[in-house]
Amino acid sequence: MNGPHDLGGQMGFGPVAPEKDEPYFHAAWEKRALGVTLTAGAMGAWTIDESRHARESLHPADYYSSSYYQIWIKALETLLKRHGFVSDRDLAAGSAIDPAATPKRVLKAENVPAVLANGGPCDRPVSTPARFRAGDRVRTKNFHPTGHTRLPRYARGKRGIVEAIRDGFVFPDSNAHGQGENPQWVYTVVFDGVEIWGEGADPTLTVSIDAWESYLEPA
Amino acid sequence: MPHDHDHDNELDPFAARVRALETILTEKGLIDPAAIDVIVDTYETKIGPRNGARVVAKAWSDAAYAEWLKRDATAAIESLGYTGRQGEHMQAVFNSEETHNLVVCTLCSCYPWSVLGLPPVWYKAPPYRSRAVIDPRGVLEEFGLTLPRTTKIRVWDSTAELRYLVVPMRPDGTEGWSEERLADLVSRDAMIGTALAREPA
């Protein structure tokens, strides 16, 4: 979707303003927000793609006025409600009122180190041979899907070169919507800055994205 | 296990919102609050940019390791014990005299947690995410880094599940240094690409 999250090339947000010796957390609640997000995700009811889509589906005014942990928590409430774990009545009361769906699993403290160390690899075998090879000229699709996609707007309809074939990976555009993993080959595709930004672009700039095969056409 | 709530500002509505969510999920038996404590402790004290700095220092010191890191970063990094969440599929990119690498996630906040820990706020915020791909030199200036006009800039937008680690150039005057000492020169920002390795004092 052409949501508020798709920020590449947007203007008006001001300077980056890095913070010297930045702490990992700026408030105690941010620690709990991280932990609640990870432990709730560990129930196994939704995928990382669905959670990303929940975040980018916040209203743009809400997205831009929220810190990242606030975005996480707002999206988490959506996911928990969607999957039957939390109700509006629970949230209004601040405690459990309604019964919850049954999770696949509950992450216990003693299992956290192993779960974090294992992560969630999302490479998958792909049954078809890779369509492109390193060095191939490609053009990214020009599309504007209303659902989740990982092809940023600035890189749509642009000519680039396949720099590397990576691996087969879960296809987020379907997986985010519960429509299956449908793994595809992923390629690193590199674009000249001028191809993307046109007049006035930095001539020394190249930008790459990692693109699923169906985002690409031969050029 | 006691919770780390004592510093919450009770007047902050968002702190209350997060606490309510944690309470609801805990009461329903869906989460274990002690698991949250372990997660927070892991990312506060165990997994951080020192991991990545050790990877870089080893690559500087050991040509065979650097070659392995270039070819199969996931395995080369795993050999040092750094694995897991948001580091499952790693790619190392090497700065050179000709090319400077910069990593961003324009679409969300993808970041190599296993080697750098949790991302800083600026990495997840709109100014960096919007401008890194269109005006990287301007962004680098805001970090106090001015590159020669002739240096090529390669921006890696982390749009899939690959996570990028920048290997900065080894500073001159560090011949014979131990890996531990070299690692002190490698900041988090140098491994994102918003800084160079520190010069030896």
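Residues numbered from 1 in each chain as written. Chains lettered and ligands numbered in written order. Predicted model: local features only at pLDDT ≥ 70, side-chain atom pairs only at ≥ 80, totals over all residues.

## Focus on the packing of helix 3 (residues 49-61) of chain B against helix 4 (residues 63-71) of chain B
Residue and element names in this part refer to chain B. At their nearest, the axes of helix 3 and helix 4 sit 5 Å apart, and the two run at 125° to each other. Our classification of the angle between helix 3 and helix 4 gives oblique. Facing Val55, Lys58 and Ala59 of helix 3, the residues of helix 4 in contact are Tyr65, Ala66 and Leu69. Classifying every residue of the contact of helix 3 with helix 4 by side-chain character gives five nonpolar, no polar and one charged. (Axes fitted to C-alpha atoms, helices over the stretch in contact; angles between N-to-C directions. Helix = DSSP H or I, 4+ residues; strand = E, 2+ residues; numbered from the N terminus. Parallel < 35°, antiparallel > 145°, perpendicular 65-115°, else oblique. Contact = placed C-beta atoms within 7 Å. Nonpolar A, V, L, I, M, F, W, Y, C, P; charged D, E, K, R; others polar.)

## A closer look at the pairing of strand 2 (residues 99-104) of chain B
Moving residue by residue along a regular strand, the side chains alternate between the two faces of the sheet. Residues and elements named next belong to chain B. Judged by how many residues are buried, strand 2 sits mostly within the fold: five of six residues are covered. Two strands pair when backbone bridges link them, and strand 2 and strand 3 (residues 152-157) are joined in this way by six bridges, in the parallel orientation. Among the inter-strand pairings, Val103 is bridged to a residue of strand 3, identified as Trp156. (Buried ≥ 20, exposed ≤ 12 C-beta atoms within 10 Å, placed from the backbone. Pairing = 2+ DSSP bridges.)

## Regarding the pairing of strand 4 (residues 205-212) of chain A
Of all eight residues in strand 4 of chain A, eight are buried, a share of seventy percent or more. Neither face of strand 4 of chain A is left uncovered, since the one carrying Leu205, Val207, Ile209 and Ala211 of chain A and the one carrying Thr206, Ser208, Asp210 and Trp212 of chain A both have all their residues buried. In the sheet, strand 3 (residues 184-192) of chain A pairs with strand 4 of chain A via seven bridges, with the strands oriented antiparallel. Bridge pairing in strand 4 of chain A places Val190 of chain A opposite Ser208 of chain A. When strand 4 of chain A meets strand 3 of chain B, the two strands line up parallel, connected through five bridges.

## Side note on unusual backbone geometry
Residues and elements named next belong to chain A. Here the phi dihedral of Ala17 falls at roughly 55°; this positive angle occurs in a residue that is not glycine. Tracing the chain through its elements places Ala17 in the segment before helix 1 (28-41). Positive phi, close to 35°, is recorded for Asn182, a residue that is not glycine. Within the fold, Asn182 resides in the loop between helix 7 (172-175) and strand 3.

## Regarding the sheet that holds strand 1 (residues 137-140) of chain A
Taken in spatial order, the seven strands of this open sheet run 5(A)-1(A)-2(A)-3(A)-4(A)-3(B)-2(B), and their pairing is mixed. The sheet terminates laterally at strand 5 (216-218) of chain A together with strand 2 of chain B, the two strands that pair on one side only. When the angles between neighbouring strand axes are averaged without regard to direction, this sheet yields 35°.

## Observations regarding the domain arrangement of chain A
Residue and element names in this part refer to chain A. Along its sequence, chain A is carved into domain 1 (28-118) and domain 2 (137-218). Inter-centroid distance (C-alpha atoms) of domain 1 to domain 2 is 29 Å. Listed as interface residues are five residues of domain 1 and, on the opposing side, four residues of domain 2. (Domains from an automatic or database assignment.)

## Some remarks on the interface of chain A and chain B
Each partner contributes to the interface: chain A provides 73 residues, whereas chain B provides 71 residues. Where the side of chain A that touches chain B is concerned, the elements lending two or more residues are helix 1, helix 2 (48-56), helix 4 (68-82), helix 5 (88-93), helix 6 (112-118), strand 2 (159-169) and strand 4 of chain A. Looking at the side of chain A that touches chain B, its residues break down into 42 nonpolar, 16 polar and 15 charged.

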